[in-house]
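An overview of the molecular structure
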Amino acid sequence: MSAARISQRISAIAESATLAVDAKAKALKAAGRPVIGFGAGEPDFPTPGYIVQAAIEAASQPKYHRYSPAGGLPELKQAIADKTFRDSGYQAAASQVLVTNGGKQAVYNTFATLLDPGDEVIVPTPFWTTYPEAIRLAGGVPVEVFAGPEQGYLVTVDQLEASLTARTKILLFVSPSNPTGAVYSPEQVKEIGQWAASKGLWVVTDEIYEHLTYDGVPFTSIATAVPELGDKVVILNGVAKTYAMTGWRVGWMIGPADVIKAATNLQSHATSNVSNIPQVAALAAVSGPLTAVDEMKVAFDRRRKAIVAGLNAIDGVDCPTPKGAFYVYADVRALLGKEFPSANGPVRPATSAELAALILDEVEVAVVPGEAFGPSGYLRLSYALGDDDLATGVARLQDFLGKAK
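What comes next is a walk through the structure. (Residues numbered from 1 in each chain as written. Predicted model: local features only at pLDDT ≥ 70, side-chain atom pairs only at ≥ 80, totals over all residues. Heavy atoms only, no water.)

Things to note about the overall build of the protein chain
This is how the line gets drawn: A helix here means a DSSP run of H or I that spans at least four residues, while a strand means a run of E at least two residues long, and both kinds are numbered starting from the N terminus. Computation of the radius of gyration draws on C-alpha atoms alone. For the globule rule, the value is 2.2 Å times the number of residues to the power 0.38. Summary of the burial criterion: residues with accessible area below 20% of their type's maximum are buried, those above 50% are exposed, and those between are partly exposed, where the area comes from a 1.4 Å probe applied to protein chains only. Any pair of residues with heavy atoms lying within 4.5 Å of one another is described as a contacting pair. With residues, only the protein chains shown are counted as cover, and all accessible areas are computed by Shrake-Rupley using a 1.4 Å probe.
A count of helical and extended segments in the protein chain gives 14 helices and twelve strands. Expected size for 405 residues packed as a compact globule is a radius of gyration near 22 Å; at 21 Å, the protein chain falls within 12% of this value. Its C-alpha atoms put the protein chain at 60 × 60 × 55 Å along the principal axes. Relative to its full complement of 405 residues, the protein chain shows a buried share of 55%. Here the contacts in the protein chain between residues at least 6 apart in sequence split such that 73% fall between residues at least 24 apart. Counting every atom, the protein chain has about 16,600 Å² of accessible surface; 54% of that belongs to carbon and sulfur.

Shown next, in the form of structure tokens:
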């Protein structure tokens, strides 16, 4: 009889580093500390008023006080299909949509539905911290393919080919990227998609940052760019980033009918329907204009330029200019092993995790270390926070990191 209290499967899950950093920063703030949080990817804007109003009105309607279909409100599923065609040219029926409790459930549902034990998933790295954990929970094996700043954090077909084995089933594709903000060009998207199609792979594409690109760089959906993928592509998305709705918890997956039917069956046993009120809010969001995200992009673009300039002014920090999302991924390898002052005497951080902990302790700035997303040596900072906080945080980093010897 096993003496273990917690199952091996769950014990093996790594804590979400981004949420852990954010929680620690918020706890310190609540204790009165002037912490600047660059941790969570969360717009500082309120959800647009017309979306909130739709939710308020829905809350007073008794029909929304009851269970609804596990796969989502039919009118929302249709609106998501319509929105997807509007924004990326990909045509799907409402029956090919599953509404989930945020993007994370869409990620988990997809891998749980597609993977058998030992199946491999190619994961371009740096990756969002949840992907490999969801893959492992489903019995799969994440295969990391690292692209550093020297190649703009963009993997190549040659790298993907080198990672291919007889067990490879899925290519995960994310553009714009969390955590790097990298965006693949239309040509690169097509080349990678055609490679995947030629190998008979599934492609799971996370498009949650589709509306957040800068400098005239276009968003390209691999599902639309490579029709040869046929019925072996699953699109993940949600309202969180586009409409400043992180707390509403509405995401979705779009895929072939058999996959969506199976994933809906899984969700019917896990959570059943997403709360109806946020579903109605999401309906207002995806059916409405993109005015809100266009306004947010103006602020994000301004902050993007400010944080890149501020970080690159620090000796030992190399911060490529991201073309999408709202993150920078700074290369701090040149700072590791250097001496920094601390309250307990000089310290020499050997990893980006140690450096991030030191920064939080010494100057009360929360950043996420590269270990959360792949190799050590990098820091991810979200610039979705307010302009004043961003300026204060960057100034603290410049002062502290500038003391490296």
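So that's the structure; there's more coming.
Description of the sheet that holds strand β5 (residues 168-174)
Sheets are built from strands paired through backbone hydrogen bonds, the pairs being either parallel or antiparallel. Formally: Note: two strands are recorded as paired if DSSP finds a minimum of 2 bridges between them. To get an axis, a line is fitted to the C-alpha atoms, and for a helix only the part in contact is used. The angle between two axes follows their N-to-C directions and goes from 0 to 180 degrees.
If you walk across this open sheet you meet the seven strands as β2-β8-β7-β6-β5-β3-β4, and the pairing is mixed. Of all strands in the sheet, those with a lone pairing partner are β2 (97-100) and β4 (141-146), marking the two edges. Taken over all neighbouring pairs, the strand axes of this sheet differ in orientation by 20° on average, direction set aside. For strand β3 (residues 120-125) and β5, the ladder comprises three bridges, and the chain directions are parallel.

Some remarks on the pattern of salt bridges
Threshold: Here, a salt bridge means any side-chain nitrogen of Lys or Arg that lies within 4 Å of a carboxyl oxygen of Asp or Glu.
Enumeration according to the criterion identifies 20 salt bridges in this entry. A salt bridge links R33 to E364; the nearest nitrogen and oxygen atoms lie 2.2 Å apart. Taken as a pair, R33 in the loop between α2 (17-30) and β1 (36-37) and E364 in the loop between α13 (352-363) and β10 (365-366) lie far apart in primary sequence, 331 residues in all. Look at R33 and you get partly exposed, because its relative accessible area is 33%. Because the salt bridges share partners, they merge into one network encompassing D215, D301, R304, K305 and K323.

Structural notes on helix α11 (residues 276-287)
Applicable threshold: By this rule the span expected of a helix is its residue count minus one, scaled by 1.5 Å.
The first and last C-alpha atoms of α11 sit 16 Å apart over twelve residues, in line with the 16 Å expected at 1.5 Å per residue. The element α11 is largely enclosed, with a buried count of nine among its twelve residues. Inspection of α11 places N276, P278, Q279, V280, A281, A282, A284, A285 and V286 among the buried residues, and these make up the whole buried set. Residues of α11 that are buried sit in contact with α3 (49-59), α4 (74-88), β2 and β8 (251-254).

Nothing here speaks to function; it is geometry throughout.
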